[in-house]
Amino acid sequence: MRQDPFLPTDRRGLMRGALGLLAAAPALLNPQAVRAQQSAAGIITRTVPRTGEVLPAVGLGTFLTFDTLPGAPRDHLREVLRRYWEGGARVVDTSPLYGTAETTVGDFATALGIGDRIFIANKIWATGDFLADESHALRSLRLSEDRLWRGRIDLMQCHSLVNVDLIVPYLRAWKKEGRIRLLGVTHYESAYLEPLAGWIERGDLDFVQVNYSIFNRRAEERVLPAAADRGTAVLINMPFEKARLFKAVEGRTLPDFAAELGIRSWAAYFLKWVISHPAVTCALPATADPDHAAENIAALRGPLPDAEMRRRMLRHMETIPGFDRIAAMPWYPDKRYPGIIGRAQAELRARS
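First things first, this report covers the structure right here in the doc. What you see is a predicted model; the values in this text were computed from it and never measured.

With respect to helix α10 (residues 290-297)
Move 1: Residues of α10 that are buried include every one of P290, A293, N296 and I297, and no others. Buried residues in α10, looked at end-on, bunch into an arc of 110 degrees, giving them a common side.
Move 2: Capping of α10 at its N-terminal end is provided by D289; its side-chain oxygen lies 2.8 Å from the backbone amide nitrogen of D291.

So this is what it looks like as structure tokens:
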């Protein structure tokens, strides 16, 4: 199988190089070479501080969107993954908590011939039957490997800080033993930004995953500065505020100045604002719509806003009625994802 110059993985050798497009030559490790690679490839990338590998700045999230009922149509999800890959994305974030998402990713990535070339960011929260019992954690790891059809997970994260004091030591041990490559912690609620920052400041996280958007900018207060200071890579969840940003701009055209950045959709507008923060490594928008996938991945190309343009983009959003009330909206307005998560939630509501 041809080696993909865009994704270093230990299973194919001890690569810690820069990433490129499918046809791009492998990049060198020095910063000037990385910048040249970005320019030649036309892809916006970020370097992982602790490894030197370079990742495209937009990846794929799978919460709800990649969860389907057994036997239900899912070819559209294969097309989403294909468009992300061909558009230059390499990071896919998933979790055992996301219903059938791991299986969907594993099946389609294997079918597309990219299963061992994507950067898998996965999650774990189980511990065991008693304190310091690792059995549940190991079963979770092995189940994820089976579903994703991977011999090793690139990044394993403690999911939403659940059991974090026990899980992170397991992750350290697994990294030392070669079971995983990198470790991190995650959360998606602003109430947990301070604990996230505390874990970063302890100094041994490779990655942190945090919620951040043009609407919710609280991660700028401590999490993003701490990550930059400690050399921790940053994954961004909720860059679209669970589709609520799109509801706020529904029926509205882009401002004229968006053309200066090559922005042709609100998705690119919101994503370019997020990935232009220097501490951000990769944003993880989720979608089940192939056309929306194409809009998301378009944010990997063209210029990024500078500090003044970021302020201008925010000021424009603040003029839109309802923007300040996004947090009060339900997640995924006007959308429905009928997977095993939704089925179980409906059954629980009927019982309670």
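Quick look at the sheet that holds strand β5 (residues 119-124)
Move 1: Spatial ordering of the open sheet is given by β3-β4-β5-β6-β7-β8-β9-β10, a layout of eight strands whose pairing is parallel. Each of the sheet's edge strands pairs with one partner strand only, and the pair in question is β3 (60-61) and β10 (282-283).
Move 2: Pairing of strand β7 (residues 180-186) with strand β8 (residues 207-211) involves three bridges; the strand directions are parallel. Following the sheet pairing, G184 is matched in β8 by F207.

Description of the packing of aromatic side chains
Move 1: The final tally for this structure, using the stated rule, is 14 aromatic pairs.
Move 2: Here the aromatic rings of F215 and F323 are separated by 5.6 Å at their centres, their planes lie at 85 degrees, and the arrangement is edge-to-face. Separated by 108 residues along the polypeptide, F215 in the loop between β8 and α7 (223-230) and F323 in the loop between α11 (307-318) and α12 (340-351) bring together distant segments of the chain.
Move 3: A relative accessible area of 5% means that F323 is categorised as buried.
Move 4: In this structure an aromatic cluster arises from ring pairing among F240, F246, F257, W266, Y269 and F270.
Move 5: In this arrangement the basic side chain of K242 is found over the ring face of W331, its NZ or CZ atom lying 4.9 Å from the centre.

Some words on the pairing of strand β9 (residues 233-237)
Move 1: Extensive coverage of β9 is indicated by the burial of five of its five residues.
Move 2: Judged by which residues are buried, β9 turns out to be covered on both faces: A233, L235 and N237 on one side and V234 and I236 on the other are all buried.
Move 3: Alignment of β8 against β9, held across five bridges, turns out to be parallel. Counterpart to V208 in the pairing with β9 is V234.
Move 4: In this fold, the crossover linking β8 to β9 by way of α7 has right-handed handedness.
Move 5: Inspection of the sheet shows β9 paired to β10 by two bridges, in the parallel sense. Counted as the bridge partner of I236 is A283 from β10.

Here's the deal with helix α4 (residues 135-148)
Along an α-helix, a turn takes 3.6 residues, which lines up residues three or four apart on a common side.
Move 1: For α4, built from 14 residues, the straight-helix expectation of 20 Å at 1.5 Å per residue is met to within 8% by its first-to-last C-alpha distance of 20 Å.
Move 2: Burial in α4 covers these residues: A137, L138, S140, L141, S144, E145 and L148. End-on, the buried residues of α4 take up no more than an arc of 160 degrees, which puts them together on one face.
Move 3: Buried residues belonging to α4 abut α3 (101-111), β5, β6 (153-158), α5 (164-177) and β7.
Move 4: Residue W149 follows α4 closely and has a positive phi angle near 55 degrees.

Topic: the nonpolar core
Move 1: Within the largest apolar cluster, 89 residues are counted, with the highest numbers of intra-cluster contacts made by W174, V185, I214, Y269, F270, M313 and M317.
Move 2: When residues of this core are assigned to their parent elements, the largest contribution, nine residues, is made by helix α9 (residues 266-275).
Move 3: Not counting the four nearest positions on each side in its chain, M317 is found in contact with I214, V249, W266, Y269, F270 and F323.
Move 4: Judged by nonpolar contacts, the second largest core, of twelve residues, contains V48, L55, L235 and C282.

Rules used in this analysis
- Residues numbered from 1 in each chain as written.
- Predicted model: local features only at pLDDT ≥ 70, side-chain atom pairs only at ≥ 80, totals over all residues.
- Heavy atoms only, no water.
- Buried < 20%, exposed > 50% of the residue type's maximum accessible area, 1.4 Å probe, protein only.
- Helix = DSSP H or I, 4+ residues; strand = E, 2+ residues; numbered from the N terminus.
- Arc of directions from axis to C-beta.
- Polar contact = N/O pair within 3.5 Å; in protein donor to acceptor, adjacent residues only side chain to side chain.
- Pairing = 2+ DSSP bridges.
- Phe/Tyr/Trp six-rings, centres within 6.5 Å; stacked < 30°, edge-to-face > 60°.
- Lys NZ or Arg CZ within 6 Å of the ring centre and 35° of its normal.
- Right-handed = clockwise from strand over helix to strand, strands pointing away.
- Expected span 1.5 Å × (residues − 1).
- Contact = heavy atoms within 4.5 Å.
- Core = buried A, V, L, I, M, F, W, Y, C linked by side-chain atoms within 4.5 Å.

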